[in-house]
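Descriptive structure summary
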Amino acid sequence: MANKPLYYGKSNSSPLYYGSSARGGGPAYHQGGAYGMYGAYGAYGAYGMYGVNASAADNDEASIIGSFSLSRIVRVVSQRWLSVFVFVLIGMVIAFAVYRISPTVYEASSEISLDLRRSSGSSASALDQSIPDYGSNYEEIFNTRKPDWRSEKIVGMIIKQYRADNPSSIATDEELMETLATSELEIIRRSRLIRIVVRAPSPRLCAALANAYAKSIDKFTEEENKIRCDKAVSQISVNVKKQRKHVDEVAKRLLDFRTANKVDNLRSTRDTVQQTLRKATSDILALNSEKTQLVEWEKMLAQVQKDPTTYGSLAVNVPRAQEIATEFKSYQDAEGAYQKLLFAYTENHPEVLEKKKAADLSKQRFLDAASRALLTGRSTLLVVSNQLAVLEVRQKDLSDQLASVEQRIVLAESGLGQLEADFGVQNRLLEGLLLDENKARLEAQSNNEIVRVGRRANEPTKPVLPNPLFIFGGGAFLSLALGLLFVLVMDNLEDTVVNLSDIEIRLALRVLAVFPHVQRKNRKDVARFLIEDKYSQFSEAVAGLRNLLDSPRYEPLSHSILVISTQPGEGKTVTSTSMAIAYAQSGRRTLHVDFDMRRPRLAAVWNIDVDESRSLSHVFQKSDSVTPDFSTLVNNTDVKNLDVIVSAAPNGLSPATIFGSSVISKFFEWARNNYDRIIVDSPPYGLVGDVVSLATMVDSVLIMCCPDRTRFKPIQHCSRCLTEMGANILGVVVNDVEVAAASVFSPIEKGRRRTKYGYGYGYGYGYGYTPSGKGSAEDTEMSGEASEFSDEE
């Protein structure tokens, strides 16, 4: 073992190469199957629905307490109950100390009743006006009066009353004032009662002060009522004098206003102007109508002079209308006779010529009459236009005058109405004040705010502080909360995987299978356990994983499978061997390859004596540019359909050089052509770079996880890096899960039964199980490379 690689040593701390946390995830393949607890896990596993994305996992990592759920709290408390118990125990000790050192305090309470009596009537009296507005209900009144009942004046009254009731008391004024400073006044709901609560170290002192407090409030209120009533009567008299003087002033202003503003004269002037304005408006309308007719007449006569045939008729009231109509009738008759002779004779016939002459003469007389009528109409139109202009100017002057008069009337009436209304209001106020003054004189001695002592305080028999229920209950609650917070923080800071939900939620990787713990003494027995017992829970779990990978969703990615782990001792060799046996037992030609060239294991598992000529690593090292015959490396096993290719100890080899050559890809090409399934065992990821090279050459990758041993950050780093390299990560196989039914796997020797349901790692990369620190003969039977299957990793 002189050439034993350094990375196989034990270490409980995370290696430095892991770097920062990163999220990775395999392809979105899943298969929902009805497997048992240890079968393959698909989209729905025994721990709930899968589907937590990477962002949700990152959010959990960002919180100092991690994810907050009932299942996690139960799990963490069950694992770290002792820490929670210590916190609770410390909390109870602190609570006991607080209880012991807290001073003893007694509490006594007295009650007073509060009543407000107001004067009846529709209007408030002067006495009511003198009383401040304390609110509309008793709670508002209490809150308003409370500062007065806690003032320095009433504190002095309380001390004075206490001295009068307890002349033998030796308490100083400072002690009494300190006690009164912690007193409380509170109104009892749905009542008129006010409770006075006083706390003091002495039961007699607190009761005496509570009673003195109630009496002092009674006296304080009575004095205030007397002062208020006296003040109310004097104030009302002053108000009456002021109001009477104000009424006289308003009456004088009203008289002066009536004298200065002659409202009646203004109203008469307004009526006269309105009548004149209406007459002018009527005349303007008549002249506008006459002007319109004259304009139309003028247009018609002007058109007739140009063409006499266009004449129609004129209104009867148009000057010379009858004359024009007569001449036009004569003209029409002459023109008709002419046209009739012209139809019978020629133009030069003597009778035709005579009629034409008569027609022309009639036309000329008609035109002359129209011309005379046109001149008359134009003269008349000019006269009407001048009259209309004069009337329009007068109408505008009258409108302006009427507006001015109306504005003066409005202002006068407005001021007069306001003064009259003000005078009426002031008179009514004066009458009310006079009435209130008379009532106030009758009520001056009445007590409008009544406070009576309702219940006297009795000496308490039991202290109210310290309260054991509050102290111990609060201490237990706070300590339990701090304990839960502490164990949740510790659980979140702990980097190891403890359950399946950690994998699916924090790592965002699906759990494909869960392998139970097998009670065997060395790894060789565990790796070949499927050959001995095909019906154990471990065998069923391996078969479940095989069936899941053979499902239509995963089968394209299961021809060649790489089994990796993030650190030694997580069971990848056992898992790869068990999977190879399971595939071979199902009838598929299976090749199991040991690519852990730095520390090969499979030769010891299958009891194969290997030399350098049949060692995978040595043949690859010597191949250079010549492709070797890979079939010479195959070793048959006692399992049908299963062949194994192993490697010898890496004496003088450089695995890094081997993985950088092209012979690796040629080997996988040969293996794919000759076998149905290829299961590859690899070194731990991260310690060396072999896994990165292998992951890109196989169809898929399985990551091993051992509860309470595997750490989160290495798996996160592994998943992210391999995904970025293009590898297909199918998911995680959880190994070495301990259950109570251990007898299913192997006979249980005395003292070796494990009855706890949880996680352990009795076998891992070492697979040794030695209860109570004792070994057995089988632990030392293996020699050579087989001896490397001890717990050394």
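Residues numbered from 1 in each chain as written. Predicted model: local features only at pLDDT ≥ 70, side-chain atom pairs only at ≥ 80, totals over all residues. Heavy atoms only, no water.

Here we come to the overall build of the protein. Broken down by element type, the protein carries 23 helices and 15 strands. Within the span of the protein, comprising 793 residues, buried residues form 45% of the whole. Across the protein, the fraction of contacts at a sequence separation of at least 24, relative to all contacts at a separation of at least 6, is 81%. (Helix = DSSP H or I, 4+ residues; strand = E, 2+ residues; numbered from the N terminus. Buried < 20%, exposed > 50% of the residue type's maximum accessible area, 1.4 Å probe, protein only. Contact = heavy atoms within 4.5 Å.)

Below, the discussion takes up the packing of aromatic side chains. With the rule as written, the count across this model stands at 14 aromatic pairs. Their ring planes at 40° and their centres at 6.4 Å tell us that F595 and F620 sit as a pair that is tilted. Taken as a pair, F595 in the loop between β9 (590–594) and α18 (602–605) and F620 in helix α19 (residues 616–623) lie far apart in primary sequence, 25 residues in all. Given the relative accessible area of 3%, F620 is considered buried. (Phe/Tyr/Trp six-rings, centres within 6.5 Å; stacked < 30°, edge-to-face > 60°.)

Before going further, it helps to examine helix α9 (residues 263–306). Taking 1.5 Å of rise per residue, 44 residues should cover 64 Å, and α9 covers 65 Å from first to last C-alpha, within 8% of that figure. Along α9, the residues that are buried comprise V263, L266, V273, L277, A280, I284, L287, L294, W297, L301 and V304. (Expected span 1.5 Å × (residues − 1).)

Let us look at the confidence of the model for the protein. Across the protein, pLDDT averages 77, with 79% of residues at or above 70. Note that pLDDT drops below 50 for residues 120–130; the model gives that stretch 20 contacts with residues more than four away or on any other chain. Contacts for the low-pLDDT stretch residues 740–793, under 50 throughout, to residues beyond four places or in other chains number 151 contacts. (pLDDT = per-residue confidence, 0-100.)

In a packed pair of helices, the relevant descriptors are the angle between the two axes and the axis-to-axis distance. Two elements in contact, helix α6 (residues 152–165) and helix α7 (residues 173–181), have axes separated by 11 Å at closest approach and are oriented at 120°. Here α6 lies oblique to α7, going by the angle between them. Note on packing geometry: the crossing formed by α6 with α7 is right-handed. Between α6 and α7, the contacting residues are V155, I158, I159, Y162 and R163 on the first element and D173, L176, M177 and L180 on the second. Here the contact of α6 with α7 is composed, by residue class, of 7 nonpolar, no polar and 2 charged. (Axes fitted to C-alpha atoms, helices over the stretch in contact; angles between N-to-C directions. Parallel < 35°, antiparallel > 145°, perpendicular 65-115°, else oblique. Left-handed = near helix turned anticlockwise from the far one by under 90°. Nonpolar A, V, L, I, M, F, W, Y, C, P; charged D, E, K, R; others polar.)

In this structure, P466 follows L465 across a cis peptide bond, with omega equal to 0°. For P466, the location among the structural elements is in the loop between β6 (449–455) and α12 (468–493). Notably, R190 is not glycine yet its phi reads approximately 55°, a positive angle. By the secondary structure assignment, R190 is in the loop between β4 (184–187) and β5 (193–200). One non-glycine residue, N641, lies in positive phi territory at about 70°.

On to the packing of helix α3 (residues 81–101) against α12. At a closest axis distance of 8 Å, the pairing of α3 and α12 adopts a crossing angle of 150°. Our classification of the angle between α3 and α12 gives roughly antiparallel. Taken as a pair, α3 and α12 cross one another with a handedness that is right-handed. For the pair α3 and α12, the contacting residues are S83, V84, F87, V88, G91, M92, A95, F96, V98 and Y99 in the first and P468, I471, F472, G475, A476, S479, L480, L482, G483, F486 and V487 in the second. Considering only residue class, the contact of α3 with α12 consists of 16 nonpolar, 5 polar and no charged.

The next subject is the nonpolar core. The biggest cluster of nonpolar side chains holds 49 residues, and the ones touching the most others in it are I503, F595, F620, F667 and L722. The element best represented in this core is helix α21 (residues 663–674), accounting for 6 residues. Among the nonpolar cores identified, the runner-up in size contains 39 residues, and A513, V526, F529 and V563 belong to it. (Core = buried A, V, L, I, M, F, W, Y, C linked by side-chain atoms within 4.5 Å.)

Here we come to the pairing of strand β7 (residues 511–516). Within β7, 6 of the 6 residues are buried, which leaves it mostly tucked inside the rest of the structure. Sheet topology note: the β7/strand β14 (residues 729–738) ladder contains 4 bridges and is parallel. Its bridge partner lying in β14, A513 is registered against V733. (Pairing = 2+ DSSP bridges.)

As a further point, take the side chain of N635. Structurally, the position occupied by N635 is in strand β10 (residues 635–636). Not counting the four nearest positions on each side in its chain, N635 is found in contact with I608, R614, D643, V644, I645 and V646.

Let us now look at the pairing of strand β13 (residues 700–705). With respect to burial, β13 is a largely interior element, 6 of its 6 residues being buried. A two-sided burial pattern is seen for β13, the buried positions comprising S700, L702 and M704 on one face and V701, I703 and C705 on the other. Where strand β8 (residues 560–564) and β13 come together, 4 bridges link them in parallel fashion. Within β13, the residue paired with I561 across the bridge is S700. Here β13 runs beside β14; their pairing, made up of 5 bridges, is parallel. Its bridge partner being in β14, V701 is matched across the sheet by I729.

Turning next to the pattern of salt bridges. Using the criterion set out here, one finds 20 salt bridges in the structure. K572 is the partner of D681 in a salt bridge, and the nearest nitrogen-oxygen pair spans 3.7 Å. Of this pair, D681 sits in strand β12 (residues 677–681) while K572 sits in helix α17 (residues 572–585), and the two are 109 residues apart along the sequence. Each member of the pair, D681 as well as K572, is classed as buried. Each of the salt bridges in this network shares a partner with another, and the network as a whole consists of R145, D148 and E224. (Salt bridge = Lys/Arg side-chain N within 4 Å of Asp/Glu carboxyl O.)

Moving on to the environment of V238. Relative to the helices and strands, V238 is located in helix α8 (residues 203–260). Distance in space between the C-alpha atoms of V238 and E437 is 10.0 Å, their sequence separation being 199 residues.

What follows deals with the environment of S700. As for its position among the elements, S700 is in strand β13. Distance from S700 to P556, taken between C-alpha atoms, is 9.4 Å for residues 144 residues apart in sequence. Apart from the residues lying within four places of it in its own chain, the contact partners of S700 are L557, S558, S560, I561, L562, N728 and L730.

Moving on, we come to the side chain of S682. Along the chain, the position of S682 falls in the loop between β12 and α22 (690–695). Those residues in contact with S682 that lie beyond four places of it in its chain are L562, V563, I564, K572, D596, V691 and L694.

This part covers α7. The α-helix advances 3.6 residues per turn, and as a result positions three or four apart in sequence lie on the same side. For α7, every residue scored as buried is listed here: L176, T179 and L180. Taken end-on, α7 shows its buried residues confined to a sector of 95°, consistent with a single buried face. Of the exposed residues in α7, the ones pointing more than 90 degrees away from its buried face are E174, E178 and A181. (Arc of directions from axis to C-beta.)

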